[in-house]
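# Chains, contacts and geometry: an overview
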Amino acid sequence: LFRHKKTKARVLVLSNEDINKVFNIAFRTPSDSDKGVQHIIEHTVLCGSKNFPVKDPFIELIKGSVNTYLNATTYPDKTMYPVASYNDKDFKNLMHVYLDAVFNPNIYDIEEIFKQEGWHYELEDKDSPVIYNGVVYNEMKGAYSSVDGIMETYLIKELYPDCEYKYDSGGNPEVIPSLTREEYLAYHSKYYHPSNSYIYLYGDIDVEERLNWIDENYLKDYDELKVDSQISLQPDFSEPREADYEYAVNKGEAEGNKTMYAYGIKLDVTQNDKVTKALAMCTEILLDVSGAKVKEAIVKAGLGEEIISDYCDLFRQGYLAIYVKNAPAGKKKELFEVIENTMKQVVSEGIDKDLLLARINLREFAAKEKEFGITPKGLIYGIRAMNTWLYEDEAAFNKFKDSWIYDEFHKDIESDYFEKLIEEHFINNNNKVMVEYAPSEGLTARVDKKTREELEAFKASLSDEEIEKLIADTKKLKDYQNTPSTPEELNTIPLLTRDDLSKTVRCSDIKEDSFEGMKVFRSNVKSNGISYYMIRTDLSDYKDNVFALNTLTLLLGSLSTKNYSYSALEAFKGIHLGAASFGVDIDCDKDFNLILDYMTLVKCLNENLDKSFEYLKEVLFETQFDDVDRIKELILEQLSKLKSSGLYAGHATASERALAHIYEDEAIKDYSDGIGYMKLLEKLINDNKIDEFAEYAKTLITSLRSKNNLTMLYIGSDEDYELFKSEIKKSNLLDCFTDEVPAFEHKFINDTVIKDKSEGFTTPAKIQYVALAGKYDPSKIKKGIVPLIGSMLNSGYLWNRVRVLNGAYGVFIRLQPNGKAVFSSYRDPKLTETLEAYREAGDYLATAELDERELDKAVISTCGSIDSPISDRAEALRAFRWYLTKKDVSRLNEEREQLLNLDIEDIRAFADVVREVASYGEICVIGSEEKIKENEGIFNNIITF
């Protein structure tokens, strides 16, 4: 932990051998309004700077870097600018561009940056209406259209009514247009100073060289500045509070149990890591695990169908939130009492010691595993450090010193330590809020009307000269957006070369073995004493039953078995396993042959292999399907989650649905986890067939008990593999599987949900997710260049056309070498204009003019995304997936050679491919009911989401 001598900038270094290096610079950025100035600054500083005057260095870096992470994030009290790369030269380039962006941005000289990224009045001609536009403005319109986002935002506002957290640092779209450019510039000038900065370096780095470079190029030019950025403490409440809000629903959707609730508790424990971790585990025990007492009490009282917990330690004063969805109205007091009384009951009766042990072991397992998916682990460590470092200079390492905590937890199980924490911090704590969110059918229309009237009044107040100026300003902004950076400006962004890139595709070596008459694939990797294994059952003949199979997945491990209640089963899993999951996996090979697998994935410490096999025998062979109420509860909860996630990631939901009109495997996926699955679950509930499905599940599970087409994958060292074989043989798990192929009547088959070529799914949102899917003939192109075309369009034409000009928060094209393709946009204020942009993408490629530097950038970024480091376990899983889909590594290396040697004609050859995709016309739009119905002529079917 360092302090810069001259400016007192804070610097934290985690030096180690990880090649995936991370840099982050953060600033403490308190809020004083809902105008979103922090969020707008986060966007705008990445729109050009003194040494890198290109209009969008962020996107230029995406085009020409092998970064493993490149983004920026606005939090309620801090703004972070992290980058990561496994290439040393690239890492230094990224650091340079980001430091210049935050300290020397072009925002002071170019007014259009604020207008484009923040907000602006837009007027095309004197007869058109004035509208608001801007990337952050539209992004937050989408956020305020999300029920989950609204519930969280307003709960926080009520929990912290007297300090900075009551304001939304992202910005309220009703308030954002009151932010002036002068206020925005003043905020940057005050808070974006080295004295208010937190600099973080992680990985295999020459630390002294980097510190000297940061000083010489940036910090030495500043003097120390006293920046008052302290986050104030929220005073305690004398008694719990309550509040009421509305949220928007479609017409006719306010009937029934549509009310939402939030119960929140303010907590003052962020700096005490032991208490923070303990309360997080208590939250899981009360609300998340199977049989969680508070969750069950709410459901059994008929006060909600989906209960979500959120234990937040990202604030100076954190909080516990309980969100209750699909509940009856007017039950604030009753719900509050149920939660409070159940907590008191848990304290009185004592927490089940097996449950405590399970949660402690799961957290210890995660600490040992250090697995964060594709996210660089150094980035996760940096975020953790900021959780305490931001509020206390000497607390930077608090989140890393935790092994002693788990040792103490094991001792605390035998005492009433955890019960006392619940009593002190949850029960005997007046800093509570109970919020009711009532469904309102007319809310979106009322807000839109208010905005429209404000803009009409604004336009009416303008003189003829002012109207002409606004038209001219609109044109000036469009001209700015349409004018590309000059070659001289673009050349300031540092680049790698093609010679810096690997000539071959990285692939884990998996070997084929035979064991107990079953095919086993194995990957010899060091796994720190952890075994990973997968049992795969080929169920390609069950494609008409994928809805039922996936619903069965939902139930396994969450129902009682012959020897365990479902809560005891959950505890057993937590005590002995790192994780165990069951799921349907759907894909196709290069010839579009369907692959439908039922996957069981397990990870555990080697010494617990015997317990993992015991768990699988219990779940796969002894699950009881007689508790219909429990099954209904799980299905209702899943349905609510699907609706929430389907809207939060609307671009992915719409893309998958559009593709489902074209490809069999995509249609099957839709019945497994997409809109089709959601609609079939609704039908199962509405037709009152839960008990019938429960009975059918007893038959369906026999399909998972057959040795027919059974294979396994094992990931671990050779020594661990021998132990695995010995333990699985002793367990007799494989003897439980039969040699017969079960024959039974297929019921609850996939319904004919997908039938209309163009669909619009209406929501109360004020934005859209616009998808257009198609296909092309893959034999006509060089397959190695396919990912490059996608990344080039995403960061070039589509970015400029749909994000910059139209104001969408994001836009993508996903091209696959097998001929699949789909366009999609994210939080998009437009609809037909976006579809038009998709249809003209091929014309852009046909006339693309790229010099050698631009071609190199395209190749570099594409290889970077392909070569991004992943864990040994993830590599082995990918290699197994390649085997199943018949991907040949030598062919992949041929495609890499095509990519490394492409020229401009290779890119232009894709023009007809992209035109073919765009003309296919499989459209799916999820979004504003008003916007969809305004354009109803393009849809064959309009449905409520």
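## Looking at the overall build of the chain
The number of helices and strands found in the chain is 37 helices and 26 strands. For 945 residues, the compact-globule formula gives about 30 Å, and the C-alpha radius of gyration of the chain, at 28 Å, lands near that figure. Of all 945 residues assigned to the chain, the portion counted as buried reaches 60%. When contacts within the chain are restricted to residue pairs at least 6 apart in sequence, those whose partners lie at least 24 apart make up 84%. Counting every atom, the chain has about 37400 Å² of accessible surface; 47% of that belongs to carbon and sulfur. Counting 118 positive and 166 negative side-chain charges, the chain places the averaged centre of each group 1 Å from the other.

## A look at helix α27 (residues 718-731)
Its 14 residues give α27 an end-to-end C-alpha distance of 20 Å, which sits within 8% of 20 Å, the value for a rise of 1.5 Å per residue. What α27 keeps buried is the set Asp720, Tyr721, Phe724, Lys725, Glu727, Ile728 and Ser731. The inward-facing, buried residues of α27 abut β15 (510-515), β16 (518-524), β17 (530-538), α21 (609-622) and β20 (710-716). In the stretch just after α27, Asn732 is the one whose phi turns positive, near 65°.

## Details of helix α20 (residues 566-576)
Extensive coverage of α20 is indicated by the burial of nine of its 11 residues. For α20, the complete set of buried residues consists of Tyr566, Leu569, Glu570, Ala571, Phe572, Lys573, Gly574, Ile575 and His576. Elements in contact with the buried residues of α20: α10 (293-300), α12 (353-369), β18 (579-588), β19 (594-605), α21 and α22 (628-648).

## Observations regarding the sheet that holds strand β12 (residues 306-312)
Spatially, the five strands line up as an open sheet ordered β10-β14-β11-β13-β12, and their pairing is mixed. Edge positions in the sheet fall to β10 (241-248) and β12, since each has one partner strand and no second. Direction aside, neighbouring strands of the sheet carry axes that sit 15° apart on average. Note that β12 and strand β13 (residues 319-327) share seven bridges and pair antiparallel. Looking across to β13, one finds that Glu306 is bridged to Lys325.

## Quick notes on the pattern of salt bridges
Scanning the model with the defined rule gives 81 salt bridges in all. Of the charged contacts, one joins Arg10 and Asp393 as a salt bridge, the two residues approaching to 2.7 Å between their closest N and O atoms. Of this pair, Arg10 sits in strand β2 (residues 10-15) while Asp393 sits in the loop between α13 (377-389) and α14 (403-412), placing them 383 residues apart in sequence. Glu905 is the salt-bridge partner of Arg908, the closest N and O atoms lying 2.9 Å from each other. Of this pair, Arg908 and Glu905 both sit in helix α35 (residues 904-908), three residues apart, which is roughly one turn of the helix. You can call Glu905 partly exposed: its relative accessible area is 47%. Taken together, the shared-partner salt bridges connect Asp273, Lys277, Asp313, Lys399 and Asp402 into one network.

## Some words on the packing of helix α32 (residues 852-867) against helix α34 (residues 889-900)
In the contact formed by α32 and α34, the axes pass within 10 Å of each other and the chain directions differ by 155°. Here α32 is positioned roughly antiparallel relative to α34, judged by the angle of their axes. Counting all contacts with α32, which are made through Val859, Thr862, Cys863, Ile866 and Asp867, the residues of α34 involved are Arg896, Leu899 and Leu900. Of the residues assigned to the contact of α32 with α34, the class counts are five nonpolar, one polar and two charged.

## Digging into the nonpolar core
Grouped together as the largest cluster of nonpolar side chains are 112 residues, with contacts concentrated most on Phe23, Ile25, Tyr81, Tyr98, Leu155, Tyr184 and Tyr437. Tallying contributions element by element places helix α3 (residues 88-103) first for this core, with nine residues. When residues no more than four places from it in sequence are discounted, the contact partners of Tyr184 are Val37, Ile40, Ile41, Thr44, Ile107, Phe114 and Leu179. Within the second largest apolar cluster, 86 residues are counted, among which are Phe621, Tyr671, Phe693 and Ile926.

## Section: the side chain of Ser33
Following the sequence through the fold, Ser33 ends up in the loop between β3 (21-28) and α1 (37-44). At a separation of 3.1 Å, a polar atom in the side chain of Ser33 contacts the main-chain amide nitrogen of Lys35. If sequence neighbours within four positions are ignored, Ser33 has contacts with Tyr167 and Asp168.

## Notes on the packing of aromatic side chains
Geometry of an aromatic ring pair is reported as the spacing of the ring centres plus the angle between the planes. Inspection of every chain in the model, using the stated rule, returns 50 aromatic pairs. Centre to centre, the rings of Tyr121 and Phe458 are 3.9 Å apart; their planes meet at 10°, and the pair counts as stacked. Separated by 337 residues along the polypeptide, Tyr121 in strand β7 (residues 120-122) and Phe458 in helix α16 (residues 443-460) bring together distant segments of the chain. Judged by relative accessible area, which is 22%, Phe458 ranks as partly exposed. Feature note: the residues Phe27, Tyr81, Tyr98, Phe103, Tyr192, Trp213, Tyr218 and Tyr222 constitute an aromatic cluster, connected by ring pairs. Lying across the ring of Phe237, Arg241 places its NZ or CZ 5.2 Å from the centre.

## Topic: the pairing of β12
Counting buried positions over the seven residues of β12 gives five, a clear majority of the element. In sequence, β12 turns back onto β13 through a hairpin of six residues.

## Side note on unusual backbone geometry
The phi dihedral of Arg827 falls on the positive side, at around 45°, and the residue is not glycine. You can see Arg827 is positioned in the loop between β24 (820-826) and α30 (832-839). Within the chain, Lys886 stands out as a residue other than glycine whose phi angle is a positive 65°.

Reading guide: rules and limits
- Residues numbered from 1 in each chain as written.
- Predicted model: local features only at pLDDT ≥ 70, side-chain atom pairs only at ≥ 80, totals over all residues.
- Heavy atoms only, no water.
- Helix = DSSP H or I, 4+ residues; strand = E, 2+ residues; numbered from the N terminus.
- Rg over C-alpha atoms; globule rule 2.2 N^0.38 Å.
- Buried < 20%, exposed > 50% of the residue type's maximum accessible area, 1.4 Å probe, protein only.
- Contact = heavy atoms within 4.5 Å.
- Areas by Shrake-Rupley, 256 points an atom, 1.4 Å probe, with all protein chains shown as cover.
- Lys, Arg positive; Asp, Glu negative; His and termini not counted.
- Charge placed at Lys NZ, Arg CZ, Asp CG, Glu CD.
- Expected span 1.5 Å × (residues − 1).
- Pairing = 2+ DSSP bridges.
- Axes fitted to C-alpha atoms, helices over the stretch in contact; angles between N-to-C directions.
- Salt bridge = Lys/Arg side-chain N within 4 Å of Asp/Glu carboxyl O.
- Parallel < 35°, antiparallel > 145°, perpendicular 65-115°, else oblique.
- Nonpolar A, V, L, I, M, F, W, Y, C, P; charged D, E, K, R; others polar.
- Core = buried A, V, L, I, M, F, W, Y, C linked by side-chain atoms within 4.5 Å.
- Polar contact = N/O pair within 3.5 Å; in protein donor to acceptor, adjacent residues only side chain to side chain.
- Phe/Tyr/Trp six-rings, centres within 6.5 Å; stacked < 30°, edge-to-face > 60°.
- Lys NZ or Arg CZ within 6 Å of the ring centre and 35° of its normal.

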